Amino acid sequence: MKKSMIDTIFSDDEIRNFLYVLSSENESIGSLADLLNLNPKSDFVNLDFSGIDFSNRDLRGFRFTGSVFTGANLSGIIVDRETAQTIDHRDAFISGENPIIIQEMVENIEYKSRLQSFLHSDNKIKDRKIFLRPNKPSAFRKDMLSASELLTARYSALSLRGRDKEMNTLLEWAQAPEPVGILLLTGPAGYGKTRLALELCRQLEQQGWLTGFLLDRLPDLSNIRLSDLFDSTRPTLITIDYAAGRMEDVRRFTGLADKWGGRLRLLLIEREAGDWWANRKNLPDPAGAMLRGPACIPDPLEVPPLPTGIPAEVFAEAAAHFASQLGISPDQIDAPTAWPDMGSPQLVHAQALLAVEAARDGTKPPTTTQDDILDHLLLREQHVWRSAARLSDSDNAKLSDIRAIVTLLTMTAPNHGDDTPVLIRRLPRLADHSGETLAQWLTALHPLYGEGDLLRGLEPDLLGEHLIWRTVTSPTDPLLIAATGPDASGAQAQTALTLLNRLAARKPEAVGWLRAILDREFSRLAVPAFRVALEQSLPMAALFRAVMDRLTFDQALTLSDLLPEYTTELREIAAQVEQRLVDLPQQPDAPPEALSFRAKHLNNLSVRLSDLGKREEALAAVEEAVAIHYTLANTRPDTFIADLATALNNLSVRLSDMGQWERALAAVEEAVNLYRTLAEKQPDSFLPDLATALNNRSSRLSDLGQRERALAAVEEAVNLYRTLAEKQPDSFLPDLATALNNRSSRLSDLGQRERALAAVEEAVSIHRTLAETRPDAFLPDLASSLNNLSVHLSALGQRERALAAVEEAVGLYRTLAETRPDAFLPDLAGALNNLSNRLSNLGQRERALAAAEEAVAIRRTLADTRPDAFLPDLALSISVLRNRLREVGRFDDALAAAREAASMLFPYFCRLPAAFGDRMLLFIRDYTQSAQEAGQEPDPALLDPIVAALIEHGFLLPPDAKTDAPSPT
């Protein structure tokens, strides 16, 4: 037993649930004085005293309890003498060796002295294992076990079926030659994410890796260098479950990779990649750089539903396992004919357990609905509570009280053992019970839900959420008050809000509970509630918007830092947050820092307002920002010139949105020049900004008909983004896709159709991948690329593919416009125009006419409020409508439409002939053709000034010119 791991129990706040593995090597340990604050009722800290033979020490009279490991295998237990005389040694541990009998020694000064001497002697320490909660299959008892023991992943003794593809992907990722790898594993509750991670740990451990799950509770690491806690030459896998709520831990442990000497893998687990996943890029370096770089795979590995046929295999294996433990013949078990959720092996395991127990008891198993299965598990769990607390069959009131305790623990996940008695005392229903009774109940529950000194509540997640749903009765339920009210800690309230938000996505009743909590506690819970919305936007985001007017300045400042760059569901919140930060009037004598703060948030506000389709307000905000930045840059250019460039680029986009194309080009030209100068001195910092400005410049040049210059600008932007995306794909792939989409349009403008199609197909591919991961952020971009793809496919004669692409785009835009019409109705109208043309190409004339009429109706409404921005687009839609009307023989209506389109566009052509000349020429030819088809003469009052202007600007030759060029007619 010389090389043993002694499982010692400590309570100091600095090391709570902080698992150390210490081995003796010739390396310095530093101070571990805090480890000497010992307490026998707290957390597990494993110490490997290599070379110390405790059998030769006189430890009699000491009081100590723990366990001994040889390597990774439990080889004995440490107990006091009285316990040793009463237990069966053969059942006390896995390997069957006799227990080591050592008296408890936590209080003994001599033991502390010997430990201190060891820690500060030449017996040095090589590495410390900080995080591991091992997979420990439960030893099945014939009496009833809790569902937490039988169905949660870390206790499961069942095989992993139907996940070969995902397992192979994880192994390939872990065993790749790259030194550092970061991967997100996602999937709904019960789909087997944690089980996959545990199996990965097991297989890698067999290859000599150090693996494990980061514990839920970590100490204050501010004064500890994490790199000192590891042997970085040993391959290491760290798994962080519920990663969205643990971004500070993600930051800390990602930072390890910066100076890692061997192979390090970080596996993050969460239900979905929401806005929290996008925000990881904003973490401070070195973690932020690692999470933005190629070491971090941007697309999560998503656990899909179980393949067809696998649920039956999962059931058969689980039923055979439980039946053998209970002495039931498999022939007695009724196999279900349907499955509650094909994706959830956890529910199938539950079905098997309940079916076996039904066979044993001679009862019927539950139906195959998810709620029915979970209801039966809760009923089963109540029998476990009754047995554990030794309640009689008539003690239903006490059983109900225990249920309330378990529900509250499930909702709050207390992170300190001493929190639990205080927490449950918040429930008025428990006031009549003595402290001794409550302590007895907590002691009875500890074997079911305990982890160290903690009681964690009911697992797995699906069952825990179901318990909350079946137990909470109203928005004012004392359970909700105890979990989120004034006495609850921020961590407890955020845990409760997270669970309730997940539950409310499935159970509408819980939406009312969340609404009531926010109404009562918004001043205290605004930031935790927003963090929950980042993890899973609905329904929390909608509820949060309803109380946004109560947001304080300090809360808005915190939320501004948390806001993701791309979001759909949080758009209104983002705009209101930035509005709150600029609501304070500007003081005349404000210092530069205050002016800079205001200008930056005005620029942010402009972007957020534009996302909502509020174009005038967006322009006003950025114009004020630019004015402030000009003032600051004139006095301190080295400090503020970059902010001026950012604001000018944004100003250019906002001006273009309002149809002010010349001013828009001037603004972006200035931004490009500033960024070029900055990028020459600091390329790593400013090349991304230069690429953004160049892409914008391309669009502005195109608006003004400068096609060759527009293509040159976007080609440079694409080249820059491609280089940046190779190094940091997660940060720059969205920008690359946007630039490629723009590039395709510029190539098409110059007749390079094949190259245009190749560019937009690459853009669609990138945007589709991004949208699969984060639909809330990237569905608008996917819709834009699909609409563009349709145009280029049609140009090359691929009509069916062109129609399929634009139909998908229209479907996406229609969904987006239902919730945010100001933002997405303009895009929907453009896609409907395109849809009309594609349907016409395939002879579907009635559908083509309907699409064109809808586009015109939308754009008329838009042009009523913003004529400069939308009248040119309305003219285009009316021209498309004219084509559809003549196709169905309505020549008089077609003539009226052609006249309106030409009249509407003419003022814009006179103002910007290079931008609108080709379209004006097309419209006047359409008009003359429709006049002929309607049997009418063209109106000279309309035609003559337009023809004269076309001749003046070189789009038509004079009538006496000798040329074969066609006339307007």
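None of these values were measured; they are calculated from a predicted model.

> Lay out the overall build of the protein in plain terms, naming residues and giving numbers.
Looking only at helices and strands, one finds 37 helices and 14 strands in the protein. In the protein, the proportion of contacts linking residues at least 24 apart, taken out of those at least 6 apart, comes to 72%. Summing over all exposed atoms, the protein offers an accessible surface of approximately 41,000 Å²; the carbon and sulfur share of this is 49%.

> Describe the nonpolar core, and please don't skip the residues or the numbers.
Counting 127 residues, the largest nonpolar core has Trp385, Ile405, Leu445, Trp513 and Phe530 as the members making the most contacts within it. Ranked by the residues each element gives to this core, the list is headed by helix 18 (residues 509-535), at 15 residues. Setting aside residues up to four positions removed in sequence, Ile405 forms contacts with Ile424, Leu430, Leu438, Trp441, Leu442 and Leu445. Of all hydrophobic cores here, the second largest spans 125 residues; its members include Leu747, Val764, Leu803 and Ala898.

> So what's going on with the packing of helix 10 (residues 345-361) against helix 11 (residues 370-388)? Residues and values would help.
In the contact formed by helix 10 and helix 11, the axes pass within 10 Å of each other and the chain directions differ by 55°. Between helix 10 and helix 11, the interaxial angle falls into the category oblique. In terms of crossing hand, the pair formed by helix 10 and helix 11 is left-handed. Contacts between helix 10 and helix 11 involve Leu347, Ala350, Gln351, Leu353, Leu354 and Glu357 from the first element and Gln370, Ile373, Leu374, His376, Leu377 and Arg380 from the second. Broken down by class, the residue content of the contact of helix 10 with helix 11 amounts to seven nonpolar, three polar and two charged.

> Got a sec to walk through the side chain of Thr568? Specific residues and values, please.
Position of Thr568 relative to the elements: it lies in the loop between helix 20 (553-562) and helix 21 (571-582). Apart from the residues within four sequence positions on either side, Thr568 is in contact with Asp776, Ala777, Pro780, Leu816, Arg820 and Phe824.

> Explain the sheet that holds strand 9 (residues 210-213) to me, and be specific about the residues and the numbers.
Read from one edge to the other, the open sheet built from five strands follows the order 9-10-11-8-12, with strand pairing classed as parallel. Two strands close off the open sheet at either side, each with one partner strand: strand 9 and strand 12 (301-302). Note that strand 9 and strand 10 (residues 236-240) share four bridges and pair parallel. Within strand 10, the residue paired with Gly212 across the bridge is Ile238. Strand contacts of helix 5 (residues 193-205): strand 8 (180-186), strand 9, strand 10 and strand 11 (264-270), with the helix running at about 160° to strand 9, the strand carrying the most contacts.

> Account for the packing of helix 22 (residues 592-611) against helix 24 (residues 637-657), with residues named and values stated.
Closest axis-to-axis distance for the helix 22/helix 24 pair is 11 Å, and the angle between their directions is 30°. By the criterion of interaxial angle, the relationship of helix 22 to helix 24 is roughly parallel. Along this stretch, helix 22 crosses helix 24, giving a crossing that reads as left-handed. Residues Pro592, Ser596, Lys600, Asn603, Ser606, Val607 and Ser610 of helix 22 lie in contact with helix 24, whose contacting residues are Phe640, Asp643, Thr646, Ala647, Asn650, Arg654 and Asp657. By residue class, the composition of the contact of helix 22 with helix 24 is four nonpolar, six polar and four charged.

> An account of the confidence of the model for the protein is needed here, citing residue identities and associated values.
With 81% of its residues at a pLDDT of 70 or more, the protein has an overall mean of 82. Below a pLDDT of 50 lies the segment residues 1-132, which in the model reaches 278 contacts outside its immediate sequence neighbourhood of four places, other chains included. This stretch, residues 134-142, has a pLDDT under 50; its non-local contacts, to residues over four places away or in other chains, come to 22 contacts.

> Can you break down helix 20 residue by residue, with the values?
When we look at burial in helix 20, the residues that qualify are Gln555, Ala556, Leu559, Ser560 and Leu562. Down the axis of helix 20, the buried side of the element spans an arc of 160°, and every buried residue falls inside it. Exposed residues lying more than 90 degrees from the buried face of helix 20 are Asp554 and Asp561.

> Describe the packing of aromatic side chains, listing the residues and the values that go with them.
Tallied over the full model, the rule gives nine aromatic pairs. Feature note: the residues Phe522, Phe530 and Phe544 constitute an aromatic cluster, connected by ring pairs. A cation over a ring is seen here: Arg280 above Trp277, with NZ or CZ 3.6 Å from the ring centre. The ring of Trp469 is capped by Lys507, whose NZ or CZ atom sits 4.0 Å from the centre of that ring.

> Give a detailed account of the environment of Thr420, specifying residues and quantitative values.
With respect to the helices, strands and loops of the structure, Thr420 is situated in helix 13 (residues 419-424). Here Thr420 falls in the buried class, since its relative accessible area comes to 4%. Between the C-alpha atoms of Thr420 and Ala439, which are 19 residues apart in sequence, the distance is 9.9 Å. Residues contacting Thr420, with those up to four places away along its chain left out, are Leu409, Pro414, Leu442 and Leu455.

> I'd like a description of unusual backbone geometry, backed by residues and values.
In this chain, Asp285 is followed by Pro286 through a cis amide linkage whose omega measures 10°. Mapped onto the elements, Pro286 comes out in the loop between helix 7 (275-279) and helix 8 (287-292). For the bond running from Glu459 to Pro460, omega is -5°, close enough to zero to count as cis. For Ala413, which is not glycine, the phi torsion reads 45° and is therefore positive.

> So, the pattern of salt bridges: which residues are in play, and what are the values?
Opposite charge on two side chains permits pairing when their charged atoms draw close. Under the criterion given, the structure shown has 52 salt bridges. Residue Asp371 is joined to Lys507 by a salt bridge in which the shortest nitrogen-to-oxygen separation is 2.6 Å. Taken together, the residues Asp371 in helix 11 and Lys507 in the loop between helix 17 (490-504) and helix 18 connect sequence positions 136 residues apart. Glu521 is the partner of Arg524 in a salt bridge, and the nearest nitrogen-oxygen pair spans 3.2 Å.

> So what's going on with the environment of Glu952? Residues and values would help.
By secondary structure assignment, the location of Glu952 is in helix 37 (residues 940-952). Once the C-alpha coordinates of Glu952 and Pro913 are considered, the two residues, 39 residues apart in sequence, prove to be 9.9 Å apart.

> Break down helix 25 (residues 661-681) for me, with residues and values.
An ideal rise of 1.5 Å per residue puts 30 Å on 21 residues; helix 25 measures up with 31 Å between its terminal C-alpha atoms. Within the span of helix 25, buried status applies to Trp661, Ala664, Leu665, Ala667, Val668, Glu669, Ala671, Val672, Leu674, Tyr675, Leu678 and Ala679. Buried-residue contacts for helix 25 involve helix 24, helix 26 (683-703), helix 27 (707-727), helix 34 (867-887), helix 35 (891-911) and helix 36 (913-933).

> An account of the pairing of strand 11 is needed here, citing residue identities and associated values.
For strand 11, a buried count of seven out of seven residues is recorded, marking the element as mostly surrounded by other parts of the structure. Neither face of strand 11 is open: one carries Leu264, Leu266, Leu268 and Glu270, the other Arg265, Leu267 and Ile269, and all of them are buried. As paired strands, strand 8 and strand 11 are joined by seven bridges and run parallel to one another. Looking at the pairing, Leu185 lines up with Ile269 of strand 11.

> So, the side chain of Arg838: which residues are in play, and what are the values?
Within the secondary structure, Arg838 is located in helix 32 (residues 821-841). Here Arg838 is buried and forms no salt bridge, its nearest opposite-charge partner Glu887 lying at an N-O distance of 9.9 Å. Among residues more than four places away in sequence, those in contact with Arg838 are Ser790, Val791, Ser794, Ala802, Leu803 and Val806.

Calculation rules
Residues numbered from 1 in each chain as written. Predicted model: local features only at pLDDT ≥ 70, side-chain atom pairs only at ≥ 80, totals over all residues. Heavy atoms only, no water. Helix = DSSP H or I, 4+ residues; strand = E, 2+ residues; numbered from the N terminus. Contact = heavy atoms within 4.5 Å. Areas by Shrake-Rupley, 256 points an atom, 1.4 Å probe, with all protein chains shown as cover. Core = buried A, V, L, I, M, F, W, Y, C linked by side-chain atoms within 4.5 Å. Buried < 20%, exposed > 50% of the residue type's maximum accessible area, 1.4 Å probe, protein only. Axes fitted to C-alpha atoms, helices over the stretch in contact; angles between N-to-C directions. Parallel < 35°, antiparallel > 145°, perpendicular 65-115°, else oblique. Left-handed = near helix turned anticlockwise from the far one by under 90°. Nonpolar A, V, L, I, M, F, W, Y, C, P; charged D, E, K, R; others polar. Pairing = 2+ DSSP bridges. pLDDT = per-residue confidence, 0-100. Arc of directions from axis to C-beta. Phe/Tyr/Trp six-rings, centres within 6.5 Å; stacked < 30°, edge-to-face > 60°. Lys NZ or Arg CZ within 6 Å of the ring centre and 35° of its normal. Salt bridge = Lys/Arg side-chain N within 4 Å of Asp/Glu carboxyl O. Expected span 1.5 Å × (residues − 1). Lys, Arg positive; Asp, Glu negative; His and termini not counted.

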